[in-house]
Amino acid sequence: MCGIVGYVGREQAAPILLEGLSKLEYRGYDSAGIVVRDGEKKAEVIKAKGKLENLSEKTNNGLDIKGKCGIGHTRWATHGEPSELNAHPHVSDDMNVVAVHNGIIENYQELKDKLIRKGYEFYSQTDTEILTKLVDYYYKKYKVGPIDAIAKTMVRVRGTYAIAVMFKDYPNEIYVARKDSPLILGITDGDCYLASDVPAILKHTRNVYYIDNLEMARMHDGQIDFYNLDGDIVPKDTVEIKWDAEAAEKGGYEHFMMKEIHEQPRIITETFNSVYKNGKIDLSEIGLTDDIIKNISKVTIVACGSAYHVGMVAQYVIEDLVRVPVRVELASEFRYRSPILSEDDYVILISQSGETEDTKKAVSEAKAHGAKTLAIVNVVGSSIAREADNVFYTLAGPEISVATTKAYSAQLIAVYAIATEFARVKGKIDEEKYNYYINEILTLPSKIEKIIENKERIQWIANKFSSAKDVFFIGRGIDYAICLEGSLKMKEISYIHSEAYAAGELKHGPIALIEDGILVISCLTQEDLFEKTVSNMVEVKSRGAVLLAVTTYGHYNIEDNSNYVTYIPKTDEHFMASLAVVPMQLMGYYLSVSKGIDVDKPKNLAKSVTVE
Ligand code: F6R
């Protein structure tokens, strides 16, 4: 949550900062601010409540602000309501220190009390103001340089942070520090950049440094120096980011979400091809040799939100193909319930950002018990990717829309590849079946294309339900797992209350809520469960529900029991989630558009959830 940026170099900083922040708005957008210093002159702090465009207007797109050194922030409120006062940057009383921060300081109250005793006053409700003033306090008390002052602060604070700090006495320099919050530093000839995520600097450079936990850096004169807590220099090399700048632009689509839905066939192909070599799935590059796979006897999958829904699909697919028990856990629950794990356990963490706090803590928890960990992650070099024993990178590229689509789809493909290969290695399927599954996976991109080509029908249906208040999604088996994702897509971007239920569970309570006109979306892609789900549909229809069925071509008799039907192509049933989810993504999208909602930035949400 929250995005930070910084620039020091040869150009005017403000337009670069604003442009960088626009690429990070998905991380938070309830207020924004920048500070820019023009040489020795006083730093100018400008903040605005609401979306970034308010700040851009206030500064004439940054053109009114002069100076070549600055930092900026886009906020997702944690401590203190969204307001101009609480917006970052925060300043010490005499403007000696100015800072932006992403993360949460846990012992803020104790630090605030200490600073009040030392004569500091506070104007905001934020933990970041406390952090800023603590740096100022150590800087003055010990009469040390910025690195030492920040190091003393880091030793004193508990929590998570990526901070960028400017000091009055060092007008053309930016200092940063990191613990558990994402941060990258980029460099080109004479210019230095910092950002919470790659898209913010991609236009300027692909050469980045990853700063490790409890490290600091000094950006100055076109170079970046890294330090550990003792103030010793830490040598580092740059890494080249392969994502191209265009991948982080809308490319003619009205919203990132629609663009990302359209990218799914391509990124599925690319993700699968990363492990598909000479007609076989090869997981050796991600460290999964046949010997390791043979020893895996149970799997625990840990994730949050949509990634958790991928885990739900994975549970059905892996258990059915590999015949090992799979447990799926919400990361936020997993880490606090003292999980029973040992060296025999195999824990798969799924995360687009690789920075989700709960999932990150789950990796540490699993490792502390001696379990082996595999991360399925999209962002290269992210914290979860770095901590897990092995990483399967999904090649979805930058996902900008807050509601995930293409990363979810890429995660599914990773799961299919793992399940199919595990099944082969463990002797659960013969070569013919193995080749059949691979071929089915290879057909998914063109089938998704076909669904997207028919998107106008979904739009037509969605327009009929833009005033819906409650929607139910029902399905059985993998269809239930798909419904969980369809329901989340609907509620998070169209603000319509929706629930996903295992169809057989309806009669145990939720059916009491069914009344005239309620939309029930049913998913029927599993042949053995088809009739059972139809029975549940009939039950709700007789109580007044309006039915939309998502099923495969050929099941035309479903029209007798449904008001609307969306047909999708057939594939092997284990992989149907990849197809059935697409109409649900489109349904959520079109409902959102028809209600005039900012699809890519739904309220109260942030793309990367780096708080508990
Ligand atoms: C929903 C969505 C979220 C994320 C969740 C986990 O559309 O995007 O539910 O799936 O916050 O995020 P990652 O995958 O980054 O760990």
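Refer to the structure above for everything that follows.
Residues numbered from 1 in each chain as written. Predicted model: local features only at pLDDT ≥ 70, side-chain atom pairs only at ≥ 80, totals over all residues. Heavy atoms only, no water.

1. Thoughts on the pattern of salt bridges
In step 1: One pass over the structure, following the stated rule, counts 37 salt bridges.
In step 2: E84 is the salt-bridge partner of K58, the closest N and O atoms lying 3.2 Å from each other. Of this pair, K58 sits in helix α2 (residues 52-58) while E84 sits in the loop between β4 (69-75) and β5 (90-91), and the two are 26 residues apart along the sequence.
In step 3: For K58, a relative accessible area of 43% puts it in the partly exposed group. (Salt bridge = Lys/Arg side-chain N within 4 Å of Asp/Glu carboxyl O. Helix = DSSP H or I, 4+ residues; strand = E, 2+ residues; numbered from the N terminus. Buried < 20%, exposed > 50% of the residue type's maximum accessible area, 1.4 Å probe, protein only.)

2. Some points on the pairing of strand β20 (residues 372-377)
In step 1: Of all 6 residues that make up β20, 5 are buried, and the element is covered over most of its length.
In step 2: Across 6 bridges, the pairing between strand β19 (residues 345-351) and β20 is parallel. Looking at the pairing, I348 lines up with L374 of β20.
In step 3: Since β19 and β20 lie parallel, the crossover through helix α11 (residues 357-368) that links them has a hand, and here it is right-handed.
In step 4: As paired strands, β20 and strand β21 (residues 390-393) are joined by 4 bridges and run parallel to one another. (Pairing = 2+ DSSP bridges. Right-handed = clockwise from strand over helix to strand, strands pointing away.)

3. As for unusual backbone geometry
In step 1: Cis geometry is adopted by the peptide bond preceding P89, which originates at H88 and carries an omega value of 0 degrees.
In step 2: Within the secondary structure layout, P89 lies in the loop between β4 and β5.
In step 3: Despite not being glycine, K143 shows a phi value in the positive range, around 50 degrees.
In step 4: With respect to the element layout, K143 can be found in the loop between α4 (127-142) and α5 (146-156).
In step 5: Residues other than glycine seldom take positive phi values, yet Y495 does so here, at roughly 60 degrees.
In step 6: The topology assignment puts Y495 in the loop between α16 (478-494) and β23 (497-502).
In step 7: The exposure class assigned to Y495 is partly exposed, which follows from its relative accessible area of 32%.

4. Section: the site of the ligand
In step 1: Taken together, 15 residues lie near the ligand, and S351, Q352, S353, T356 and E492 sit nearest.
In step 2: Between S353 and the ligand, the recorded distance is 2.6 Å, taken from a side-chain N or O atom to an oxygen atom.
In step 3: For the ligand, the protein covers 90% of the area, taking 400 Å² as the surface of the free molecule.
In step 4: Of all the elements in the fold, those that place two or more residues in the shell around the ligand are α9 (305-322) and α16. (Near = heavy atom within 4 Å. Polar contact = N/O pair within 3.5 Å; in protein donor to acceptor, adjacent residues only side chain to side chain. Areas by Shrake-Rupley, 256 points an atom, 1.4 Å probe, with all protein chains shown as cover.)

5. Quick notes on the packing of α9 against helix α13 (residues 406-425)
In step 1: Direction vectors running N to C along α9 and α13 enclose 20 degrees, while the axes themselves pass 9 Å from each other. With respect to each other, α9 and α13 are oriented roughly parallel. Read as a crossing pair, α9 and α13 show a hand that is right-handed. Contact residues: S306, A307, H309, V310, V313, A314, V317, I318, L321 and V322 in α9; Y408, Q411, L412, V415, Y416, A419, T420, F422 and A423 in α13.
In step 2: By residue class, the composition of the contact of α9 with α13 is 15 nonpolar, 4 polar and no charged. (Axes fitted to C-alpha atoms, helices over the stretch in contact; angles between N-to-C directions. Parallel < 35°, antiparallel > 145°, perpendicular 65-115°, else oblique. Left-handed = near helix turned anticlockwise from the far one by under 90°. Contact = heavy atoms within 4.5 Å. Nonpolar A, V, L, I, M, F, W, Y, C, P; charged D, E, K, R; others polar.)

6. Thoughts on the sheet that holds strand β3 (residues 44-49)
In step 1: Strand order in this open sheet of 8 strands is β3-β2-β4-β1-β10-β9-β11-β14, and the pairing throughout is antiparallel. Strand pairing shows two members of the sheet lacking a second neighbour, β3 and β14 (239-240), which therefore form its edges.
In step 2: One ladder, built from 4 bridges, connects strand β1 (residues 3-8) with strand β10 (residues 191-195); its direction is antiparallel. Of the residues in β10, the one forming a bridge with Y7 is Y193.

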